[in-house]
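# Understanding the architecture of this molecule
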Amino acid sequence: MEDCLFCRIVRGELPAAKVAESETCLAFRDIAPKSPVHVLVIPKVHYASLEEVPDASVFGAMSMLAQQVARQEGVATRGYRCVVNTGEDGGQTVGHLHLHLLGGRAHGWPPG
Ligand code: 5GP
Ligand code: ZN
């Protein structure tokens, strides 16, 4: 995807505060953090949303990198929240699949 924001980050055309990387996924800090730890985990291949994922491997790989990031960021023991906004009602604003990893504070339920 030529001008997808997160594809451009994957290609190194836009700067991002990289936190971790696997063969298939990238993790970087959200530009407008909603929690003390707010990292986005994305597949390097473009999928517009969770709706476009063809099989379990994509989300599985994202989950494993999220687990690694949580440990690295020191939030694994106390806990953290993973969110995947999907589509308009889901509040998705960037059209490249991403998982929000939020930690460093208590997150209430249900979310606002
Ligand atoms: P969504 O609302 O689609 O679930 O989340 C998109 C997230 O991407 C938002 O939390 C927003 O702050 C973040 N974001 C938007 N543009 C950029 C950017 O250029 N760089 C980074 N690191 N995060 C971004
Ligand atoms: Zn993309």
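The coordinates are above.
The structure reproduced in this document is the subject of the present report.

Our focus in this paragraph is the site of ligand 1. Around ligand 1, a shell composed of 16 residues is seen, among which D30, N85, T93, H98 and H100 lie nearest. H98 is positioned such that a nitrogen or oxygen atom in its side chain is 2.8 Å from an oxygen atom of ligand 1. For ligand 1, the protein covers 84% of the area, taking 520 Å² as the surface of the free molecule. Because more than half of its atoms lie within 2 Å of the grid, ligand 1 is assigned to the largest pocket. Sorting the residues of the shell around ligand 1 by element identifies α1 (5-10) and β2 (25-29) as the ones contributing at least two each. Taken together, the residues that form the shell around ligand 1 break down as seven nonpolar, six polar and three charged.

Calculation criteria
Residues numbered from 1 in each chain as written. Chains lettered and ligands numbered in written order. Predicted model: local features only at pLDDT ≥ 70, side-chain atom pairs only at ≥ 80, totals over all residues. Heavy atoms only, no water. Near = heavy atom within 4 Å. Polar contact = N/O pair within 3.5 Å; in protein donor to acceptor, adjacent residues only side chain to side chain. Areas by Shrake-Rupley, 256 points an atom, 1.4 Å probe, with all protein chains shown as cover. 1 Å grid on protein atoms, 1.4 Å probe; cavity = no way out; pocket = protein on both sides within 12 Å on 5 of 7 lines; lining within 4 Å. Sits in = over half its atoms within 2 Å of the grid points. Helix = DSSP H or I, 4+ residues; strand = E, 2+ residues; numbered from the N terminus. Nonpolar A, V, L, I, M, F, W, Y, C, P; charged D, E, K, R; others polar.

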